Amino acid sequence: MTEALDTLKKLQELDSELFRLRREEQHKPLELEQARQLLAEAQANASAVEARLNTAQLKRKEKELELATAEASVKKLQMQLFQVKTNKEYSAIQHEIDQAKADISLLEEQILELLETVDQLKREQTQHLGRVEAQQTALKQEEIRIRQELSALEAQLQRLEVQRADLTPLVASESLALYERVLANRDGLALVPIVRESCGGCNMVQPPQVINEAYLKAKLVTCDSCNRILYVDETA
Ligand SMILES: [Zn+2]
């Protein structure tokens, strides 16, 4: 049983590494999340600016239309001035013209302001689109990095699997079956040392009989609580 235990120890070393690498492999794609999120934020910001730009441009068109209407009405009123018969009519129309001109100058001011806003937003839009592009590039680079790391992990896993396949035939099938079962149920840790009379896996204190049997190495001894295979660490 001593030899079997030694082989199981080597197997456990390999399996610990295999489990660690497989976990790493599973988590790798999650590393893309940050880059994805930054890109989504940049895209959201760019869309928000675009919406504001569209609103400002629509508003500007509206005001330009109002301006054209006001200018046309001034022209029409000025024509009417030639046809009036009384002073009273004349001053009423003149008053209307003054009003329309006041509207026109206000509209011109508003249009100027809107043009400035549009210009400003266009500059902001350029910046935001630049950021979107930068984040797209960053995401692509991250994808390349992760692909490379995953293939390196894959190669490492395959190397370890080969080493593992060399070891498993050396363990009696019953012992191996027990080991494999616990390995699968206990997240990659099936063989643990007894540490200060307790299971090195779940810390449960072991009865003296179990500890004695572990010393004797006549058969595989397991922890009653977590089912892991126990051994006495001679080096400790
Ligand atoms: Zn245990």
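Quick notes on the rules
- Along each chain, residue indices are assigned from 1 in the same order as the chain's sequence is written.
- Under the rules for a predicted model, residues below a pLDDT of 70 receive no local features and side-chain atom pairs below 80 are neither given nor counted, while totals for whole chains, interfaces and linings still include all residues.
- Excluded from the side-chain calculations are hydrogens and water; all other atoms, namely the structure's heavy atoms, are used.
- Only DSSP runs of H or I covering at least 4 residues are called helices, and only runs of E covering at least 2 are called strands; the numbering of each starts at the N terminus.
- Throughout, a contact is declared for two residues whenever any of their heavy atoms are within 4.5 Å.
- In this description, accessible areas are obtained by the Shrake-Rupley approach with a 1.4 Å probe, and a residue is regarded as covered only by the protein chains that are shown.
- Within this scheme a cavity is a closed region of a 1 Å grid, computed over the protein atoms alone, that accommodates a 1.4 Å probe without allowing it to escape, whereas a pocket is open but has protein on both sides within 12 Å along at least five of seven lines; lining residues each have an atom within 4 Å of a point.
- Grid points are joined across faces, edges and corners, and a volume is the space filled by probe spheres set on the points.
- Each residue is assigned to one class: nonpolar for Ala, Val, Leu, Ile, Met, Phe, Trp, Tyr, Cys and Pro, charged for Asp, Glu, Lys and Arg, and polar for all the others, Gly among them.
- Per the annotation, domain bounds derive from an automatic or database assignment of domains.
- Strand pairing requires that DSSP identify at least two bridges connecting the strands.
- Donors, by definition, are the N, O and S atoms found within 2.8 Å of a metal, the threshold being 3.2 Å for Na, K and Ca, and water is not counted, so a site can look incomplete.
- Remark: exposure states derive from per-residue accessible area (1.4 Å probe, protein chains only) relative to the maximum for the residue type, with buried under 20%, exposed over 50%, and partly exposed in between.
- Each salt bridge in this description consists of a side-chain nitrogen of Lys or Arg and a carboxyl oxygen of Asp or Glu lying within 4 Å of one another.
- What makes a nonpolar core is a set of buried Ala, Val, Leu, Ile, Met, Phe, Trp, Tyr and Cys residues whose side-chain atoms join them at distances within 4.5 Å.

**Q** Could you give me a rundown of the overall build of the protein, with the residues and numbers involved?
**A** Of regular secondary structure, the protein possesses five helices and four strands. Going from N to C terminus, the protein has its helices and strands arranged as α-α-α-α-β-β-α-β-β. Summarising its shape, the C-alpha atoms of the protein cover approximately 130 × 35 × 25 Å along the three principal directions. For the protein, the proportion of contacts with a sequence separation of at least 24, taken over those separated by at least 6, is 72%. On the protein, roughly 15700 Å² of surface is accessible, and the fraction owed to carbon and sulfur atoms is 52%.

**Q** I'd like to hear about empty space enclosed by the protein, residue by residue, with values.
**A** Tallied over the entire structure, the rule returns one cavity of 30 Å³ or more. Put simply, the largest cavity is a space of about 40 Å³. Met1, Leu5, Ala214, Lys217, Lys219, Leu220, Val221, Leu230 and Tyr231 together form the lining of the largest cavity. Grouping the constituent residues of the lining of the largest cavity by class yields seven nonpolar, no polar and two charged.

**Q** Give me the domain arrangement of the protein: which residues, what numbers.
**A** Domain assignment breaks the protein into domain 1 (21-169) and domain 2 (172-231). Distance from the C-alpha centre of domain 1 to the C-alpha centre of domain 2: 63 Å.

**Q** Can you lay out the pairing of strand 1 (residues 191-195) for me, pointing to particular residues and giving the numbers?
**A** Pairing analysis gives three bridges linking strand 1 to strand 4 (residues 229-231), with the strands arranged parallel. Bridge pairing in strand 4 places leucine 191 opposite isoleucine 229. Sheet analysis places strand 1 next to strand 2 (residues 198-199), joined by two bridges and oriented antiparallel. By the bridge assignment, isoleucine 194 is partnered in strand 2 with cysteine 199. Count of turn residues in the strand 1/strand 2 antiparallel hairpin: two residues, of which arginine 196 carries a positive phi of about 45°.

**Q** Account for the coordination of the zinc ion, naming residues and giving values.
**A** Binding of the zinc ion to the protein goes through Cys199 (SG), Cys202 (SG), Cys223 (SG) and Cys226 (SG), at separations of 2.3 to 2.4 Å. Within one chain, the residues donating to the zinc ion are spaced in sequence as C-x2-C-x20-C-x2-C. Judged by relative accessible area, which is 1%, cysteine 199 ranks as buried.

**Q** Please provide a residue-by-residue account of the pattern of salt bridges, values included.
**A** Taken as a whole and assessed by the stated rule, the structure comprises 16 salt bridges. Linking arginine 20 and glutamate 17 is a salt bridge whose minimum nitrogen-to-oxygen distance equals 2.9 Å. Here glutamate 17 and arginine 20 lie together in helix 1 (residues 2-27), a separation of three residues that amounts to about one turn. With a relative accessible area of 38%, arginine 20 lands in the partly exposed category. Between glutamate 149 and arginine 145 there is a salt bridge; the shortest N-O distance is 3.1 Å. Highlighted residues: glutamate 149 and arginine 145, both in helix 3 (residues 87-167), separated by four residues, approximately one helical turn. Judged by relative accessible area, arginine 145 falls into the partly exposed class, the value being 26%. Within this structure, Lys28, Glu31, Glu142, Arg145 and Glu149 form a network of salt bridges that share partners.

**Q** Pulling in residues and values, what's your account of the nonpolar core?
**A** If you look at the biggest cluster of nonpolar residues, it comprises 21 residues, and the most contacted ones within it are Leu8, Leu11, Tyr179, Leu191, Leu220 and Ile229. Only helix 1, helix 3, helix 4 (173-185) and strand 4 provide two or more residues apiece to this core. Here this core gets six residues from one element, more than from any other, and that element is helix 1. Looking at this core, you find at least three residues from each of domain 1 (21-169) and domain 2 (172-231). With 12 residues, the next largest nonpolar core counts Ala70, Ile97, Ile104 and Ile111 among its residues.

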